[in-house]
Amino acid sequence: MKRILALIMILTMLVPAAALAQDYPLVTSPEEFRLIIRVRPLHGNPDEMVLFQRIEELTGVHIQWDAIQQAEYDEKKPLILGANKNLPDGFFGKYSLTASDLVTYGSQGILIPLNDLIEENAPNLKALFERRPDIKAMCTAPDGNIYATPYIQEGEDGTIFSNIMINKVWLDRLGLEKPTTLEEFKAVLTAFKEQDANGNGDPNDEIPMTFKFLGSQRDIGGFFGAFGYADTLTEDGSNEGAHMVIGKGGQLVFVPTTEGYKNACKYYYENFFSQGLIDLEGFTMDKKTYNSQNQGEIANIGVFMCWNSFDLGTVHEDEYEPLSPLLGPDGTTSWGWTSSQTMSPTGFSITNVCKNPELLIKWVDTFYDPIWSMQCDLGPIGINLKDNGDGTYDYMPVPEGLSYDEFRFKEAFAADGPVALTRDLFETTIPRSSGHQAKFDRNENYYRKYATTHYMPNMMLSEEDNDALSLIKTDIISYTNQMRAKWLAQGGVEEEWDDYVARLNNMGLQEYIEIYQRNYTAAYGTQE
Ligand SMILES: [Ca+2]
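Residues numbered from 1 in each chain as written. Predicted model: local features only at pLDDT ≥ 70, side-chain atom pairs only at ≥ 80, totals over all residues.

Some words on the overall build of the protein chain
The condition that has to hold: Secondary structure elements follow DSSP: runs of H or I of four or more residues count as helices, runs of E of two or more count as strands, with numbering from the N terminus. Both definitions apply: the radius of gyration is a C-alpha atom measure, and the globule rule equals 2.2 Å times residues to the power 0.38. Three exposure classes are used, all based on how many other C-beta atoms lie within 10 Å of a residue's own C-beta (placed from the backbone): buried at 20 or more, exposed at 12 or fewer, and partly exposed between those limits. Two residues qualify as a contact pair if the distance between their C-beta atoms, derived from the backbone, is within 7 Å.
In terms of helices and strands, the protein chain carries 19 helices and 16 strands. Taken over the C-alpha trace, the protein chain has a radius of gyration of 24 Å; the compact-globule value for 528 residues is 24 Å, and the two agree within 12%. When each of the 528 residues of the protein chain is scored for burial, the buried share is 44%. Pairs at least 24 apart in sequence give 79% of the contacts found in the protein chain among residues at least 6 apart.

This is how it looks when you write it as structure tokens:
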């Protein structure tokens, strides 16, 4: 039954798009555009990527790629946009512009509105917007204009970032079960710490649990959910709403001034950090140090926070199993989820110097055809993917000596392209890689039912709101984060709480909440 439904879904989804498909090639004589593209160290040279060569063969459009490395991008971008000189015809890719760039440079006329261009020239995007009004809403700026096409990747299920992995070999050696409550978790970490869990005769070389403070999926923001709401995982809250979550009736909540947050700080300090059960190095270590742990001959980490099970390398990966969020003292818990990691309003933008925006939008619309989206993100058919001939695809084996990502990023603009890989496509047409499948399964089997804290989504704010936030946001976020670290590592939350709340209010916390609330309500109403 599920398969039949899936088949009907593909047919209803693809047939209208196919009927409206572009006429290729798009031009009868060669046409050229110059595009800025931000490349990661892993990406191949865009001029040599098989993906772009095939798109050129199909469309007849030549692209002069102006590639800028990730490390230099933030420095170079404002020079290109700010001076409004030497503008390219467009900006290509998820990180080529930010949501606030779209509002700023869109309102100045440097980026042109795409609404009508899409309506008239972009059948794939038009079909996507009709099928997924939520995506269209995300792409629409406060002034009603669409200044960029989106990036959508729902295959891996990045809606739930953070996973907990626990060493099953250690549990078995010590005769312990997987813990389900914080109390049991404390007993397990205590045993890991004291009972030579890795069995090498040295009772002092185990780190019961490691994490990286505000290091995204490596953080323990999710653990606050055992006392109410899960909290932000990143330093500035980007992608996870800056400590803001969506409460009942679409009312936003600033988690770090809730009673549950206060209780969580006290509990984790008293029961875990002050007991040496969670590594204090987690507050200061960098990402590279974090990821290079556990590489010795014998595993020395009991529990770690991660996106993938191989985030601490593959040497001891097999010893670990996923752990569900632990239940708090009242028998409940909540884990965080977000839509912002899988959906971004920035995929491709056109500037006011482009002489033929109709052709350029037709060209980029090609990337929103499901099969070209797939190849842009996962690699070209015949290189990274195998066509099974029945409307489905498989992964080609990774050549000896390359990692999967090296293989994937070489010939395609993996991870950052203007693509729409929606969840339904992964259920019908596109395979998940083994890593993506594992992440998807972990989320479904261990986290989904606890994922009740919805982090505030990224929103495109007006320039006025962005300006108002820029005066207060940094202070509020950095003070909040600093106090979270202090209370977890050293305690003192109860004594300092009232002063802390008063100080946040003086910094403009109520205005901060009001700005986000107004924008959230305008976009989503009372949605939770
Ligand atoms: Ca040991």
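A few points about the domain arrangement of the protein chain
Interfaces are often sized by the accessible area lost when the parts come together. Here is the rule we go by: Domain ranges listed in this record stem from an automatic or a database domain assignment. All amino acids are sorted into three groups, where Ala, Val, Leu, Ile, Met, Phe, Trp, Tyr, Cys and Pro are nonpolar, Asp, Glu, Lys and Arg are charged, and the leftover types, Gly among them, are polar.
The domain boundaries assigned to the protein chain delineate domain 1 (2-157 + 342-440) and domain 2 (163-339 + 458-524). On a C-alpha basis, the centres of domain 1 and domain 2 stand 33 Å from each other. The partner domain 2 presents eleven residues to the 15 residues of domain 1 that form the contact. Looking at the side of domain 1 that touches domain 2, the elements that each hand over two or more residues are helix H4 (99-107), strand E12 (343-350) and helix H16 (434-447). Its residues placed into classes, the side of domain 1 that touches domain 2 shows nine nonpolar, five polar and one charged.

Describing the pairing of strand E2 (residues 61-69)
Selection rule: The rule for pairing is simple: two strands pair if DSSP sees at least two bridges between them. Orient the strands so they point away from the viewer; a crossover is then right-handed if the path from the first strand over the helix to the second runs clockwise.
Sheet topology places strand E1 (residues 31-39) next to E2; nine bridges connect them, and they run parallel. For Phe33, the partnering residue across the bridge sits in E2 and is Ile63. Tracing the backbone out of E1, into helix H2 (residues 50-59) and back to the parallel element E2 gives a crossover that is right-handed.

Thoughts on helix H18 (residues 493-506)
Going by this rule: Working rule for helices: expected span equals 1.5 Å times residues minus one. Note on bend: the value at a residue is the angle between axes fitted to the seven residues ending there and to the seven starting there.
Taking 1.5 Å of rise per residue, 14 residues should cover 20 Å, and H18 covers 19 Å from first to last C-alpha, within 8% of that figure. At Asp499, H18 is deflected by roughly 30°, the largest bend along its length. Just downstream of H18 lies Gly508, where phi reads positive at about 105°.

Side note on the sheet that holds strand E5 (residues 163-167)
How we decide: Lines are fitted to the C-alpha atoms to define the axes, a helix being fitted only along its stretch in contact, and any angle between axes, read from their N-to-C directions, falls within 0 to 180 degrees.
Spatially, E6-E9-E5-E10 is the arrangement adopted by the four strands of the open sheet, whose pairing is mixed. Strand pairing shows two members of the sheet lacking a second neighbour, strand E6 (207-210) and strand E10 (320-323), which therefore form its edges. Ignoring strand direction, the axes of neighbouring strands in this sheet form an average angle of 20°. Pairing analysis gives four bridges linking E5 to E10, with the strands arranged antiparallel. Looking at the pairing, Asn167 lines up with Tyr320 of E10.

Re the environment of Ala522
Among the secondary structure elements, Ala522 is positioned in helix H19 (residues 509-524). We classify Ala522 as exposed; it has 10 C-beta atoms within 10 Å. With 380 residues separating them in the primary sequence, Ala522 and Pro142 have C-alpha atoms 9.1 Å apart.

Some remarks on the nonpolar core
A general feature of soluble globular proteins is that nonpolar side chains tend to end up buried together. Defined as follows: Working definition: the nonpolar core is a set of buried Ala, Val, Leu, Ile, Met, Phe, Trp, Tyr and Cys residues, joined through C-beta atoms within 7 Å.
One finds Met165, Phe224, Val245, Ala264 and Tyr268 to be the most contacted residues of the largest nonpolar core, which totals 71 residues. Counting residues per element, this core draws most heavily on helix H10 (residues 259-273), which supplies seven residues. Discounting chain neighbours no more than four positions away, the residues touching Phe224 are Tyr229, Ala230, Asp231, Val255, Tyr261 and Ala264. Formed by 65 residues, the second largest nonpolar core is a distinct cluster that contains Val103, Leu117, Val364 and Ala420.

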